[in-house]
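Residues per chain are reported as follows:
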Amino acid sequence: MFSFTSLQSSKFRLPPFSNPSSIPHSLRRSSILSCNHQKQTFKYRSLCVRALDAAQPYDFEAINNDRFEKSKKVKIAIVGFGNFGQFLAKTLVRQGHKVLAHSRSEYSDIARKLGVQFFTDADDLCEEHPEVVLICSSILSTKSVLESLPLQRLKRSTLFVDVLSVKEIPRKLFLHILPPEFDVLCTHPMFGPESGKDSWESLPFVYDKVRIGDDESRISRCEKFLNIFAQEGCRMVEMSCADHDREAAESQFITHTMGRILEKFGLESTSINTKGYETLLNLVENTSGDSFELYYGLFLYNKNAMEQLERLDMAFESLKKQLFGHLHEILRKQLFENAEGFEESKNIKPVFPKLLQNGGDAVEPPSENIG
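Thresholds applied
- Residues numbered from 1 in each chain as written.
- Predicted model: local features only at pLDDT ≥ 70, side-chain atom pairs only at ≥ 80, totals over all residues.
- Heavy atoms only, no water.
- Helix = DSSP H or I, 4+ residues; strand = E, 2+ residues; numbered from the N terminus.
- Buried < 20%, exposed > 50% of the residue type's maximum accessible area, 1.4 Å probe, protein only.
- Contact = heavy atoms within 4.5 Å.
- Areas by Shrake-Rupley, 256 points an atom, 1.4 Å probe, with all protein chains shown as cover.
- Patch = residues over 30% accessible without salt bridge, like charges linked within 9 Å, V, L, I, M, F, W, Y side chains within 5 Å.
- Salt bridge = Lys/Arg side-chain N within 4 Å of Asp/Glu carboxyl O.
- Lys, Arg positive; Asp, Glu negative; His and termini not counted.
- Charge placed at Lys NZ, Arg CZ, Asp CG, Glu CD.
- Axes fitted to C-alpha atoms, helices over the stretch in contact; angles between N-to-C directions.
- Parallel < 35°, antiparallel > 145°, perpendicular 65-115°, else oblique.
- Nonpolar A, V, L, I, M, F, W, Y, C, P; charged D, E, K, R; others polar.
- Pairing = 2+ DSSP bridges.
- Arc of directions from axis to C-beta.
- Polar contact = N/O pair within 3.5 Å; in protein donor to acceptor, adjacent residues only side chain to side chain.
- Right-handed = clockwise from strand over helix to strand, strands pointing away.
- 1 Å grid on protein atoms, 1.4 Å probe; cavity = no way out; pocket = protein on both sides within 12 Å on 5 of 7 lines; lining within 4 Å.
- Points joined across faces, edges and corners; volume = space filled by probe spheres on them.
- Domains from an automatic or database assignment.

Student: What's the story with the overall build of the chain in this structure? I'm lost.
Tutor: Summing up its helical and strand segments, the chain has 13 helices and 10 strands in all. Scored against the burial criterion, the 371 residues of the chain give a buried share of 33%. Taking all contacts inside the chain whose residues are at least 6 apart in sequence as the whole, residues at least 24 apart take part in 67%. As displayed, the chain has an accessible area near 24400 Å², and 52% of this comes from carbon and sulfur atoms.

Student: Honestly, a negative patch on the surface in this entry has me stumped. Any pointers?
Tutor: Taken together, the side chains of Glu-247, Glu-250, Glu-307, Glu-310 and Asp-313 define an acidic patch exposed on the protein surface. When residues of the negative patch are assigned to their parent elements, the largest contribution, three residues, is made by helix α12 (residues 305–336). Structurally, Glu-250 is set in helix α9 (residues 241–265).

Student: Explanation requested: the packing of α9 against helix α10 (residues 275–288) in the structure shown.
Tutor: If you want to describe how two helices pack, look at the angle between their axes and the distance between the axes. At a closest axis distance of 8 Å, the pairing of α9 and α10 adopts a crossing angle of 105°. When the axis of α9 is compared with that of α10, the two are roughly perpendicular. Across from Thr-255, His-256, Met-258, Gly-259, Arg-260, Leu-262 and Glu-263 in α9, the residues of α10 making contact are Leu-280, Leu-283, Val-284, Thr-287 and Ser-288. Considered class by class, the residues forming the contact of α9 with α10 number five nonpolar, five polar and two charged.

Student: Can you help me understand the sheet that holds strand β5 (residues 117–119) in this one?
Tutor: Pairing between sheet strands relies on hydrogen bonds along the backbone, with the strands arranged either parallel or antiparallel. Taken together, the eight strands give an open sheet; going across it, the order is β5-β4-β3-β6-β7-β8-β9-β10, and neighbouring strands pair in mixed fashion. Of all strands in the sheet, those with a lone pairing partner are β5 and β10 (235–238), marking the two edges. The sheet shows a mean angle of 25° between the axes of neighbouring strands, direction not considered. In terms of strand pairing, strand β3 (residues 75–79) meets strand β4 (residues 98–102) through five bridges, oriented parallel. Within the sheet, the bridge partner assigned to Val-79 lies in β4 and is His-102. Set on the sheet, helix α3 (residues 83–94) makes contact with β3, β4, β6 (132–135) and β8 (183–189); between it and β3 the angle comes to about 170°.

Student: How should helix α11 (residues 292–300) be read in this particular structure?
Tutor: Helical periodicity: at 3.6 residues per turn, an α-helix aligns residues three or four positions apart in one direction. What α11 keeps buried is the set Tyr-295, Gly-297 and Leu-298. Seen from one end, α11 has its buried residues packed into an arc of 155°, which puts them on one side. In this structure, the buried residues of α11 make contact with α9 and α12.

Student: Looking at this structure, I do not really get the environment of Asp-208. What am I missing?
Tutor: Looking at where Asp-208 falls in the secondary structure, it is placed in strand β9 (residues 204–211). Each C-alpha atom of the pair Asp-208 and Glu-238 lies 5.8 Å from the other, and the pair is 30 residues apart in sequence.

Student: Mind showing me how you'd approach the side chain of His-102 here?
Tutor: For His-102, the location among the structural elements is in strand β4. At 3.0 Å, the side chain of His-102 and the backbone oxygen of Phe-119 are in polar contact. Dropping the residues within four chain positions of it, His-102 is found in contact with Ile-78, Val-79, Gly-80, Phe-81, Phe-118, Phe-119, Thr-120, Asp-121, Ala-122 and Leu-125.

Student: Can you help me understand the pattern of salt bridges in this one?
Tutor: When their charged atoms lie close together, side chains carrying opposite charge are able to pair. Evaluated as defined, the whole model comprises 12 salt bridges. Measuring nitrogen to oxygen at the nearest pair gives 2.5 Å for the salt bridge that ties Glu-127 to Arg-153. Placement of Glu-127 in the loop between α5 (122–126) and β6 and of Arg-153 in the loop between α6 (142–148) and β7 (159–162) is noted, with a sequence separation of 26 residues between them. Looking at Glu-127, the relative accessible area reads 45%, which means it is partly exposed. A salt bridge links Glu-194 to Lys-197, with the shortest nitrogen-to-oxygen separation between them at 3.7 Å. Here the residues in one salt-bridge network are Asp-123, Glu-127 and Arg-153, joined through shared partners.

Student: Looking at this model, I keep getting lost on the pairing of β7. Mind explaining?
Tutor: Two faces belong to every sheet, and in a regular strand the side chains alternate between them. Burial along β7 is two-sided: the residues Leu-159 and Val-161 and Phe-160 and Asp-162 are all buried. In this fold, β6 hands off to α6, which returns the chain to β7; that crossover is right-handed. Pairing analysis gives four bridges linking β7 to β8, with the strands arranged parallel. When the bridges of β8 are listed, Val-161 appears paired with Leu-185. One crossover worth recording links β7 to the parallel β8 by way of helix α7 (residues 168–177), and it is right-handed.

Student: Could you clarify how one ought to interpret a nonpolar patch on the surface in this entry?
Tutor: Nonpolar side chains collect at one region of the surface, where Leu-140, Phe-292, Tyr-296 and Leu-300 lie side by side and expose about 370 Å² of accessible area between them. Relative to the helices and strands, Leu-140 is located in the loop between β6 and α6. On the accessibility criterion, Leu-140 (32% relative accessible area) is partly exposed.

Student: Any chance you could explain the layout of surface pockets here in plain terms?
Tutor: Taking a probe equal in size to a water molecule and rolling it over the atoms shows the remaining empty space. Considering only enclosed or pocket space, the largest pocket measures out at about 1300 Å³ in volume. Considering the residues around the largest pocket, the lining is formed by 44 residues, among which Phe-84, Ser-165, Pro-193, Asp-290 and Leu-294 are closest to the centre. The set of elements that each furnish at least two residues to the lining of the largest pocket consists of α3, α6, β8, α9, α10 and α11. Ranked by residue count, the leading element in the lining of the largest pocket is α9, at four residues. Built from parts of two domains, the lining of the largest pocket gets at least three residues from each of domain 1 (63–239) and domain 2 (240–339).

What follows is the structure in structure tokens.
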């Protein structure tokens, strides 16, 4: 390697140019061209090298890295900035995405604290041309929210995403209301502000690519949005909307139903809680935090919910019959086990235990011989 601090002026002979205009612009600005009939001589200006390891005028590596990071970010508009919308916004902002928000209620102060730009007017929100519109409204108001958005102010390739607990209804609404140029992604993060407050690791995230354009940019945008949840460690589950609703009715709807039954039952902590009882208390806490509107939406917009309620009712009746039937067998055995004492036992009235409220005195089981 040569080491030097400077070079004196030197002349460089370049190959002849057929046309002076073909000389690179950077050379023409810093050189003098002299022509004659036999040859063309190019005189280059002085070249000074101050140091071989001198820094480049720009940090190309940092610039390229910054461009790569920005290419992974998405401009997301959250429509419906309530409890769940704010819950998602925290993670979106932390990952570096640009987040906008709009809601019927005033959430400017909360949005400012979260690093979210809040818009009270939906027209102003749409004129920001978000890449993704994330619908976080309630199930019951989804139709009216979609119809109220000024879709003409959005780019025609905008991606619409929902995070509702049912999937068939929003899928039909999106396909019916949105122009065919818009992309549609139906998703369901199967966790909320309570169950996902510490981490999203291993929590299921269900999605269905209902309508995604063939353009590479639109496919990439969809993947970048899904990567938000994959990056947090969610268990990504691709599933059709119909399959989701059928399985969710067997899991989520029953979970919410049992939690609300136990809440109305008045389940309270005791000084001798078992692990199972703690699980029930946690169930009540997790489900009672959600609005009744959400629970009603799970019932109203999932055609499989009624079937689950009927099965639950039948299961409860079957359990009661099993209990009372077992009790009947015990009393019958006590009454008729001794044929010789049957006549004696006719005058004795059996005592049936009454069902007592929680906290009442325990009823002693019948004795082996009531005679």
